[in-house]
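# Reading the structure
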Amino acid sequence: MVAILLIEDDPLVRRGLELALSRHGHAVRTAETGEAGLDAFAASTPDLVVLDLMLPGIDGFEVCRRIRRAGDVPVIMLTARGDDFDVVGGLAAGADDYVIKPAQPTVLDARIRAVLRRTQGSGEGVRMHGDLRIDTASLTVSLRGEPVPLTPTELRLLLTVSRGPGRVFSRQQLLEEVWEHDYLGDSRLVDNCVQRLRAKIETDPANPVYVQTVRGFGYRFGPV
Amino acid sequence: MKRWWLRGLRPRLLVAFVLVTVVGAAAAAWSSAGTASAALVSSAQERLTSGLTSQIGAITPQLAFPPDQATLDRLRGAAGANAVVTYQGLRSSAGLEPATEALRTAVRAQHRMLTERVDVGGAPWLVIGTPVLITAPDGTRTPSGIEVYSAEDLTAVNQQVQGLTTNAVATAAIALPLAVLLALLAARSVLRPVRELRDTARRLADGELAARTPPKGADELAQLTVSINEMAESVQTSMIAMERMQADAKRFAADVSHELRTPLSTLTAVMEVLETAAGEMEPDAQESAQLAITETHRLVRLVEDLMEVSRFDAGTARARIEEVDVAAAVRDCLRARGWTGEVELSAQEGIVLGTDRRRLDVVVANLVGNALRHGAPPVAVRVSAPGEKVRIEVTDHGPGLSEEVLPHVFDRFYKADAARVRTPGSGLGLAIALENVRLHGGTLIAENTGSGARFVLELPRENR
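None of these values were measured; they are calculated from a predicted model.

The next subject is the overall build of chain A. The secondary structure content of chain A amounts to 8 helices and 12 strands. Considering chain A as a whole, with its 224 residues, one finds that 54% of them fall into the buried category.

Structure follows, in structure tokens:
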């Protein structure tokens with residue numbers, strides 16, 4: 001049973017999604033405004049937040065930023081198709097993934113499960129790369145002995161690329177492996193997550209050592 | 001390019017002015033030079049004849065009659081250097097014989113002084129012929145039979161006449177640059193308003209509907225300017241009204257589809273619940289649920305397509321350009337929709353194109369879906385890269401597109417047959433495909449192969 005916090009202002013959409021997600025076996029709590037959502041979040045931390053971006057009061061972007069500040073709980077946002085402003089803004093605010101409205105519950109459930117799978121370890125041991133220590137069993141990362149808090153998506157991305165140091169991963173490959181998206185996945189998810197990851201593990205994010213860009217192809221880990 | 005030099009107003013005006021000036025000046029010069037030279041010649045002639053008459057009149061009283069050779073010689077001496085004097089058989093001459101036979105006959109017959117102009121070696125001469133008359137004491141005059149012919153050189157007079165002509169030509173030549181200057185000034189006064197009107201018309205044609213030319217003066221050009229301004233005014237007014245109506249209609253479509261999205265979100269969410277519960281329902285309730293589910297999906301598709309079209313209309317559609325392997329993208333598109341078995345794909349491998357992956361997928365899916373629905377198998381998709389373009393051809397072997405359908409195949413909600421059974425498409429598929437292609441600066445055309453329909457999509461290799 002996954003504890004989901006659904007923040008959506010329209011009462012019928014909220015109830016519809018609650019019904020559908022419950023049917024997929026999730027424990028759904030709902031909130032109708034950003035403020036109410038943040039209160040519910042503080043009262044009891046859910047496993048995952050489904051967040052509508054168009055909210056009265058404090059908007060979805062701000063709610064997302066505050067949830068990110070509070071911890072590493074994954075956020076999936078609901079956006080309108082073609083509204084690039086929403087997608088870009090939501091990803092910048094720290095969302096892990098997005099689903100286009102009107103959201104099909106099956107698609108939303110698949111994304112939820114994909115995000116939650118990212119917290120499963122491969123359990124093969126500890127990888128050491130320079131000052132970076134990645135424990136694939138306990139799913140912890142530390143830099144020069146200091147633990148680095150990563151969201152499940154950032155962690156899965158780091159685990160994926162560090163699996164083969166020097167090997168180039170295309171955005172498409174990363175979308176399929178980390179996000180479990182189909183062939184039309186949005187490569188901005190990858191670019192955005194790489195930036196957030198770099199901000200946490202690189203000494204100089206503008207000149208990355210661990211997650212490097214391979215122009216025109218994608219990303220690779222190291223070589224350190 | 002025939003007669004290019006007469007194409008502009010300026011050269012035409014210039015040529016006309018110069019022609020008028022030259023002809024006028026030449027006519028004036030010719031006529032005045034003619035009159036002056038005639039006056040010169042006649043006065044010279046009068047002077048010479050009266051000189052001869054007085055010289056002969058002074059000497060004749062001293063002469064014996066009938067004259068002998070010596071008398072004739074004296075008379076010739078008085079008449080001048082180039083004179084000839086004759087009396088019946090006698091003749092006194094300096095060796096020259098200027099008078100023609102015609103003059104001599106005329107003088108003999110008419111018994112009066114006559115003149116004649118002859119040309120001797122290129123020089124003009126005046127020949128004067130006169131009979132010498134005997135005046136009786138009673139005053140009657142009878143011809144003595146003596147005739148005096150004298151020739152005078154007219155070269156000096158002729159030179160004077162030529163001087164006059166040269167002067168006239170020179171005056172005309174001085175008038176010529178003046179005429180050119182005047183022509184240019186006149187041309188400019190006509191051409192400036194014409195050029196301003198042309199510039200205004202060009203700006204209007206380029207869509208700058210506020211372009212006007214302020215009218216100057218009250219001539220025909222000013223009236224034309226006023227008329228053109230009025231025309232532009234009315235065009236602008238109706239364009240603004242039309243644009244506003246169009247914008248209203250487009251915004252309405254965008255607003256409607258936007259508003260529809262919220263209830264559709266609820267419907268989409270609960271349809272799945274309904275679907276999973278349908279198994280336990282009565283058969284008619286189960287069928288009703290199935291109908292609701294199907295129609296909800298269609299409604300969602302329609303609203304999504306409407307919103308997509310609205311974004312194109314509003315100009316807010318943006319392409320998210322990525323490097324895309326075209327063959328792989330087409331293959332993925334077919335596979336994702338379960339069409340791999342129904343479509344023959346021949347794709348040139350390794351074509352990488354900067355394009356929007358999702359939009360390319362939409363275009364290919366619409367074309368192939370259309371071919372599968374309205375055409376007949378085999379449906380073939382060909383991917384190639386001729387020159388600087390990437391070409392995707394979708395060919396079916398159905399009845400093809402009729403002449404009436406062909407021009408409207410990309411129209412929104414165009415139904416080839418009003419009674420046609422409703423298809424799963426929204427009626428916007430090909431319109432959206434075309435808009436997507438245009439967004440990439442490409443072309444999409446529909447044609448008949450003779451054994452079916454073919455859609456040819458071409459995208460430029462270099463994307464902006």
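Moving on from the model shown.
A word on the interface of chain B and chain A. Contacts between the two partners involve 27 residues from chain B, matched on the other side by 24 residues from chain A. Of the roughly 2300 Å² buried where chain B meets chain A, counting both sides, 58% is carbon and sulfur surface. In terms of surface lost to chain A, no three residues of chain B exceed Arg261, Glu272 and Arg320 of chain B, which account for 24% of the buried area on that side. Remark: the boundary between chain B and chain A carries 1 salt bridge. In this structure, the salt-bridge partner of Asp186 of chain A is Arg320 of chain B, at a minimum N-O distance of 2.8 Å. Counting every contact that joins chain B to chain A gives 8 residue pairs in polar contact (both at pLDDT 80 or more). Where the side of chain B that touches chain A is concerned, the elements lending two or more residues are α5 (220-277), α6 (283-314), α7 (326-336) and α8 (357-374) of chain B. Top element by residues in the side of chain B that touches chain A is α5 of chain B. It accounts for 12 residues. Within the side of chain B that touches chain A, the residues separate by chemical class into 9 nonpolar, 6 polar and 12 charged.

Residue and element names in this part refer to chain B. Contact geometry of α6 with helix α9 (residues 429-439) gives a least axis separation of 10 Å together with a crossing angle of 35 degrees. In terms of crossing hand, the pair formed by α6 and α9 is left-handed. Listed contacts from α9 to Asp305, Glu308, Val309 and Phe312 of α6 are Ile432, Glu435, Asn436 and Leu439. For the contact of α6 with α9, the per-class residue count stands at 4 nonpolar, 1 polar and 3 charged.

This part covers the packing of aromatic side chains. Residues and elements named next belong to chain A. Enumeration according to the criterion identifies 2 aromatic pairs over all chains in this entry. Between Tyr210 and Phe221, the ring centres sit 6.1 Å apart and the planes meet at 25 degrees, which makes this aromatic pair stacked. Placement of Tyr210 in the loop between α8 (187-201) and β11 (211-214) and of Phe221 in strand β12 (residues 218-221) is noted, with a sequence separation of 11 residues between them. On the basis of relative accessibility, which here comes to 6%, the residue Tyr210 falls in the buried class.

As a further point, take the sheet that holds strand β7 (residues 132-135) of chain A. All names here are of chain A. Spatial ordering of the open sheet is given by β6-β7-β8-β9, a layout of 4 strands whose pairing is antiparallel. Each edge of the open sheet is held by one strand with a lone partner, namely β6 (126-129) and β9 (146-148). Across this sheet, the average inter-strand angle for adjacent strands is 25 degrees, counted without regard to direction. Of the pairings in the sheet, the one linking strand β8 (residues 140-143) to β9 comprises 3 bridges and is antiparallel in character. Each bridged residue has a counterpart across the sheet, and for Leu143 the counterpart in β9 is Glu146. Lying over the sheet, helix α6 (residues 152-162) contacts β6, β7 and β8, oriented at roughly 100 degrees with respect to β7.

Along any regular strand, the residues point their side chains to alternate faces of the sheet. All names here are of chain A. For strand β4 (residues 75-80), a buried count of 6 out of 6 residues is recorded, marking the element as mostly surrounded by other parts of the structure. Of the two faces of β4, both are covered, the one formed by Val75, Met77 and Thr79 as well as the one formed by Ile76, Leu78 and Ala80. As judged from the 4 bridges shared by strand β3 (residues 48-52) and β4, these two strands associate in the parallel manner. Counted as the bridge partner of Asp52 is Leu78 from β4. Handedness of the β3-helix α3 (residues 60-70)-β4 crossover: right-handed. With 5 bridges connecting them, β4 and strand β5 (residues 97-101) associate as parallel partners. Directly across from Thr79, in β5, lies its bridge partner Ile100.

A few words on helix α1 (residues 9-59) of chain B. All names here are of chain B. Over its 51 residues, α1 runs 75 Å from end to end, which matches the ideal 75 Å to within 8%, given 1.5 Å per residue. The complete set of buried residues in α1 reads Thr21, Ala25, Ala29, Ala33, Ser37, Val41, Ala44, Leu48, Thr49, Leu52, Ile56 and Ile59. Its buried side turned inward, α1 meets α2 (69-79), β3 (114-120), β4 (123-135), β5 (141-153) and α4 (155-205).

Moving on, we come to the sheet that holds strand β2 (residues 26-31) of chain A. Residues and elements named next belong to chain A. Pairing is parallel in the open sheet, where 5 strands are placed in the order β2-β1-β3-β4-β5. Bordering the open sheet on either side are β2 and β5, each of which pairs with just one other strand. Across this sheet, the average inter-strand angle for adjacent strands is 25 degrees, counted without regard to direction. Examined bridge by bridge, strand β1 (residues 2-7) and β3 share 4 bridges and lie parallel to one another.

Considering all chains together, one arrives at 39 salt bridges over all chains under this definition. The residue Asp109 of chain A makes a salt bridge to Arg113 of chain A at a minimum N-O spacing of 3.0 Å. With Asp109 of chain A and Arg113 of chain A both in helix α5 (residues 105-117) and 4 residues apart, the pair spans about one turn of that helix. Among the residues examined, Asp109 of chain A registers a relative accessible area of 8% and is labelled buried. Taking the shortest distance from any N to any O, the salt bridge between Glu322 of chain B and Arg357 of chain B comes out at 3.8 Å.

Below, the discussion takes up the nonpolar core. Of all hydrophobic cores here, the largest spans 50 residues; its most connected members are Val49, Leu132 and Leu158 of chain A. Examining the composition of this core, we find that 6 residues originate from one element, α8 of chain A, more than from any other. Val324, Val330, Leu360 and Val368 of chain B belong to the second largest nonpolar core, which has 39 residues in total.

What follows deals with a nonpolar patch on the surface. A contiguous nonpolar patch, built from Met231, Val235, Met239 and Met242 of chain B and spanning about 340 Å² of accessible area, is present on the exposed surface. Considering the arrangement of structural elements, one finds Met242 of chain B in helix α5.

Residue and element names in this part refer to chain B. Taken N-terminus to C-terminus, the directions of α5 and α6 make an angle of 150 degrees; their axes are 8 Å apart at the nearest point. Here α5 is positioned roughly antiparallel relative to α6, judged by the angle of their axes. Here α5 runs over α6; the crossing is left-handed. Split into classes, the residues belonging to the contact of α5 with α6 amount to 15 nonpolar, 6 polar and 4 charged.

Turning our eyes to something else, we now look at the side chain of Asp305 of chain B. Residue and element names in this part refer to chain B. For Asp305, the position within the fold is in helix α6. Asp305 sits in the buried class, given a relative accessible area of 12%. Dropping the residues within four chain positions of it, Asp305 is found in contact with Ser426, Leu428 and Ile432.

Quick notes on the rules
- Residues numbered from 1 in each chain as written.
- Chains lettered and ligands numbered in written order.
- Predicted model: local features only at pLDDT ≥ 70, side-chain atom pairs only at ≥ 80, totals over all residues.
- Heavy atoms only, no water.
- Helix = DSSP H or I, 4+ residues; strand = E, 2+ residues; numbered from the N terminus.
- Buried < 20%, exposed > 50% of the residue type's maximum accessible area, 1.4 Å probe, protein only.
- Contact = heavy atoms within 4.5 Å.
- Buried area = accessible area lost by both parts, 1.4 Å probe.
- Salt bridge = Lys/Arg side-chain N within 4 Å of Asp/Glu carboxyl O.
- Polar contact = N/O pair within 3.5 Å; in protein donor to acceptor, adjacent residues only side chain to side chain.
- Nonpolar A, V, L, I, M, F, W, Y, C, P; charged D, E, K, R; others polar.
- Axes fitted to C-alpha atoms, helices over the stretch in contact; angles between N-to-C directions.
- Left-handed = near helix turned anticlockwise from the far one by under 90°.
- Phe/Tyr/Trp six-rings, centres within 6.5 Å; stacked < 30°, edge-to-face > 60°.
- Pairing = 2+ DSSP bridges.
- Right-handed = clockwise from strand over helix to strand, strands pointing away.
- Expected span 1.5 Å × (residues − 1).
- Core = buried A, V, L, I, M, F, W, Y, C linked by side-chain atoms within 4.5 Å.
- Patch = residues over 30% accessible without salt bridge, like charges linked within 9 Å, V, L, I, M, F, W, Y side chains within 5 Å.
- Areas by Shrake-Rupley, 256 points an atom, 1.4 Å probe, with all protein chains shown as cover.
- Parallel < 35°, antiparallel > 145°, perpendicular 65-115°, else oblique.

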